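# Residue-level structural notes
Here's the letter readout for the chains.
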Amino acid sequence: LDPGRFLHLGTQAPQCLVAHLNNQVPNESPRAISRTLENDPAKHGEQHVGRHYSISVQELKTVFPHGLPPRFAMQVKTFNEACLMVRKPALELLHYLKNTNFAHPAVRYVLSSALDGEKGTGKTLSLCHVIHFCAKQDWLILHIPDAHLWVKNCRDLLQSTYNKQRFDQPLEASIWLKNFKTANERFLSQIKVQDTYVWNKRESTEKGSPLAEVVEQGIMRVRNATDAVGIVLKELKRQSSQGIFRLLVAVDGVNALWGRTTLKREDKSLIAPEELALIYNLRKMVKNDWQGGAIVLTVSQTGSLFKPRKAYLPQELLGKEGFDTLDPFIPILVSNYNPKEFEGCIQYYLENNWLQHEKAHTEEGKKELLFLSNRNPGLLERLCAYL
Amino acid sequence: MAAPTVKVARGWSGLALGVRRAVLRLPGLTQVRWSRYGPEYQDPQIDKEYYRKPLAQLTEEETYERELRKTQVIKAAPATKTSSVFEDPVISKFTNMMMKGGNKVLARSLMTQTLEAVKRKQFEKYHAASAEEQATIERNPYTIFHQALKNCEPVIGLVPILKGGHFYQVPVPLADRRRRFLAMKWMIAECREKKPRRMLMPEKLSQELLEAFHSRGPVIKRKHDMHKMAEANRALAHYRWW
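In this text, all values refer to a predicted model and were calculated from it rather than measured experimentally.

### Focus: the overall build of chain A
- Helix and strand counts for chain A come out as 14 helices and 11 strands.
- Whereas a compact globule of 387 residues would reach a radius of gyration of roughly 21 Å, chain A reaches 22 Å, a difference of no more than 12%.
- When its C-alpha atoms are laid out on the principal axes, chain A stretches across 70 × 45 × 35 Å.
- Across chain A, contacts joining residues at least 24 apart in sequence account for 73% of those joining residues at least 6 apart.
- With the model as given, the accessible surface of chain A reaches about 18100 Å², and the carbon-plus-sulfur share is 53%.
- Taking the average location of the 49 positive side-chain charges in chain A and that of its 41 negative ones, the two points are 3 Å from each other.

### What about unusual backbone geometry?
Residues and elements named next belong to chain A.
- Cis geometry is found at the peptide bond from Asp-327 to Pro-328, where omega equals 0°.
- With respect to the helices and strands, Pro-328 occurs in the loop between α11 (314–326) and β11 (330–334).
- Despite not being glycine, Asn-80 shows a phi value in the positive range, around 60°.
- Looking at the secondary structure, you find Asn-80 in the loop between α3 (70–79) and β2 (82–85).
- Notably, Asn-153 is not glycine yet its phi reads approximately 55°, a positive angle.
- Topologically, Asn-153 is positioned in the loop between β4 (140–144) and β5 (158–159).
- Of the residues examined, Asn-153 reaches a relative accessible area of 68% and is grouped as exposed.

### What to know about the UniProt feature "domain: Small ribosomal subunit protein uS7" (unreviewed entry) in chain B
- The sites that UniProt annotates as "domain: Small ribosomal subunit protein uS7" (unreviewed entry) are residues 78–234 of chain B.
- End C-alpha to end C-alpha, residues 78–234 of chain B measures 43 Å, and it is 63% helix and 10% strand.

### Describing the packing of aromatic side chains
- Counted under the stated rule, the structure contains 14 aromatic pairs over all chains.
- Geometrically, the ring pair formed by A:Phe79 and A:Tyr348 is edge-to-face, given 5.9 Å between the ring centres and 75° between the ring planes. Here A:Phe79, found in helix α3, pairs with A:Tyr348, found in helix α12 (residues 339–351); they are 269 residues apart in sequence, far enough to count as distant. The pair formed by A:Phe79 and A:Tyr348 is uniform in burial state, with each residue classed as buried.
- Plain terms: the ring middles of A:Phe323 and A:Phe329 are 5.7 Å apart, the flat faces sit at 85° to each other, and that makes the pair edge-to-face.
- Residue A:Phe329 is classed as buried on the basis of its relative accessible area, which comes to 17%.
- Among the aromatic side chains, those forming a connected cluster through ring pairs are A:Phe79, A:Tyr348, A:Tyr349, A:Trp354 and B:Phe123.
- Across the ring face of A:Tyr280, the terminal group of A:Arg166 is positioned such that the distance to the ring centre comes to 3.7 Å.
- Over the ring of A:Phe306 we find A:Arg260; its NZ or CZ atom is 3.7 Å from the centre of that ring.

### Observations concerning α11(A)
Residues and elements named next belong to chain A.
- Look at α11: only 10 Å from first C-alpha to last across 13 residues, short of the 18 Å you get at 1.5 Å a residue.
- Considering bend angle alone, the principal kink of α11 is centred on Lys-320 and spans about 100°.
- Every buried residue of α11 is accounted for by Pro-314, Leu-317, Leu-318, Gly-319, Gly-322, Phe-323 and Leu-326.
- The secondary structure elements touched by the buried residues of α11 are β3 (107–113), α10 (277–286) and β10 (293–298).

### Focus on the domain arrangement of chain A
Residue and element names in this part refer to chain A.
- Partitioning chain A into domains gives domain 1 (46–334) and domain 2 (339–385).
- Contacts between the two partners involve 17 residues from domain 1, matched on the other side by 15 residues from domain 2.
- For the pairing of domain 1 and domain 2, the buried interface totals around 1400 Å² over both sides, and the portion due to carbon and sulfur atoms is 47%.
- By the criterion of area lost to domain 2, the three top residues of domain 1 are His-52, Arg-71 and Phe-79, representing 40% of everything that side buries.
- At the surface where domain 1 touches domain 2, the tally comes to 2 salt bridges.
- Arg-71 serves as the salt-bridge partner of Glu-381, at 2.8 Å between the closest nitrogen and oxygen.

### Observations regarding the side chain of A:Arg87
Residue and element names in this part refer to chain A.
- Looking at the secondary structure, you find Arg-87 in the loop between β2 and α4 (88–98).
- For Arg-87, a relative accessible area of 7% corresponds to the buried category.
- Reaching out from Arg-87, the side chain makes a polar contact with the backbone oxygen of Thr-121 at a distance of 2.7 Å.
- Residue contacts for Arg-87: discarding those within four places in its chain leaves Thr-121, Gly-122, Val-334, Ser-335, Asn-336, Tyr-337, Glu-341 and Pro-377.

### Some remarks on the pairing of strand β9 (residues 247–252) of chain A
Residues and elements named next belong to chain A.
- With respect to burial, β9 is a largely interior element, 6 of its 6 residues being buried.
- Because side chains alternate across β9, one face comprises the buried residues Leu-247, Val-249 and Val-251, and the other comprises Leu-248, Ala-250 and Asp-252, equally buried.
- Where β4 lies against β9, 5 bridges are found, and the strand directions are parallel. The partner of Leu-142 across the bridge, within β9, is Val-249.

### Describing the sheet that holds β10(A)
All names here are of chain A.
- One open sheet accounts for 5 strands, arranged β4-β9-β10-β3-β11; its pairing is parallel. Two strands in the sheet have a free side with no partner beyond their single neighbour: β4 and β11. For this sheet the average axis-to-axis angle between neighbouring strands, irrespective of direction, equals 15°.
- Along the sheet, α4 contacts β3, β10 and β11; its crossing angle with β11, the most-contacted strand, is approximately 155°.

Calculation notes
Residues numbered from 1 in each chain as written. Chains lettered and ligands numbered in written order. Predicted model: local features only at pLDDT ≥ 70, side-chain atom pairs only at ≥ 80, totals over all residues. Heavy atoms only, no water. Helix = DSSP H or I, 4+ residues; strand = E, 2+ residues; numbered from the N terminus. Rg over C-alpha atoms; globule rule 2.2 N^0.38 Å. Contact = heavy atoms within 4.5 Å. Areas by Shrake-Rupley, 256 points an atom, 1.4 Å probe, with all protein chains shown as cover. Lys, Arg positive; Asp, Glu negative; His and termini not counted. Charge placed at Lys NZ, Arg CZ, Asp CG, Glu CD. Buried < 20%, exposed > 50% of the residue type's maximum accessible area, 1.4 Å probe, protein only. UniProt positions renumbered as here; feature names shortened; annotations may be inferred. Phe/Tyr/Trp six-rings, centres within 6.5 Å; stacked < 30°, edge-to-face > 60°. Lys NZ or Arg CZ within 6 Å of the ring centre and 35° of its normal. Expected span 1.5 Å × (residues − 1). Bend = angle between axes of the 7 residues up to and from the residue. Domains from an automatic or database assignment. Buried area = accessible area lost by both parts, 1.4 Å probe. Salt bridge = Lys/Arg side-chain N within 4 Å of Asp/Glu carboxyl O. Polar contact = N/O pair within 3.5 Å; in protein donor to acceptor, adjacent residues only side chain to side chain. Pairing = 2+ DSSP bridges. Axes fitted to C-alpha atoms, helices over the stretch in contact; angles between N-to-C directions.

Now the structure itself:
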């Protein structure tokens, strides 16, 4: 049974045929198998390392309403399927999450690049894998896709209605609330607010009303969106210790919370991150003084402000203040592909006919790709895009 | 006489080996494109397969050739030519023509983005098409690029010839390299000039390449215009003397 013979059939066919192959010839296939039919992240184990599992399009919309990293989103659109590779750092994280003790304070896990700190090693996609797992396990997901976007290029900054010293970001807050609603619909009606919040002279949210109302208020009245986000974060933190739901806080680019911003006031003076209400509330969320969930974070230099290009260690990127706040945390190192994963990735691209260059199918071509990309996932993806 | 011979001797020792001596040309014509390598310099052999052939398998001519190359002087390989399996001389030439101000990094990134854009568009079409059409859709950006440029090459060209105080556009057969050059030049000019303001070069180029691949679009039209002009000026063909 030559896997190559099935390359010419449509994209739907390989799934059932690979199942056929998987059952019959698990160890003897001459080429690396790049897919696995195990689509539930909870069941992923050591034997799945280097294989891709697919996420259905409906799940994508509910689990990742904020969107995926742009190049991955392009790949999903081109291939008409979302396939994530199972890798060791993500498996490690999943193992820890499966064995969390929800009575203890939330543990912080920080994904960062290993060794020489290259970019494109797969931190964001490992985070997405973990988020998918938690969504399948029915946790409440608090996902901030990129914290750097909240500290730069903000067009409209309003003075905060709650605290005169701070600033509101209505656009970012309302977008985030919309996506948060899509991701966690079923929880919003179950969780009840434990305080009365007065929005303005005419509108207020009573104690005991569902959280969905606060979210609606934030989406409707864009001026109050930032405060709505603050209320959501506060309520979730308070109530997660009670055990009704399990909370996952996933922030990508958490070093933005303690860096510098490029936002300016009207008198052209710089704003510190703690003067932004969104950042202030998020910092409280990332502290480990609550129980009933976990905090998974990523530090990244791409998108960060005023950090040197070669900086990759959490200590360098977070700064003293950030490191002290996040200390203690469990560091998870994400490195380049190992040879098996590299083979799996190339095989995946070959199966989808993504590598169109004739020479890319040969051994010479593979050796050259290995040399050019140094097994870096991001670089390999960019190389294969034009080959 | 001693003095002139001494001068000549000094002149000879001053010349470095291989520098081209001033060749006598027609008066009034200066050589503008020339290389510092003399005619004895051989081009470098970049192909990896040539060197991987085991010595036992070589024919007599090939062994002779290899022995000969050991005695010859060889030019330095240009930095842009690699022994990569993915190298394509047409793509390199096109990238060089797109380059502005020596910014090869930008030109190369535009080229790779164009190839990626072509690939993604074709994949979209492929997924949207039915099974019979899927067999006809070409997804390899390199074949599309080569075929598009081949479709844009004119067969006959026009050359201004001075006769009786007037310049006449005379139809003339073009050499292969001139045709390839014109195709690439027209493609790049079209994409640079007729681009909507906010559209980026890779997007426009990918659009034009796909249209040329299907033999429609403005570059093909320009080629046809050239052919029509040549046909119209058929009577002037006698002005050509070569």
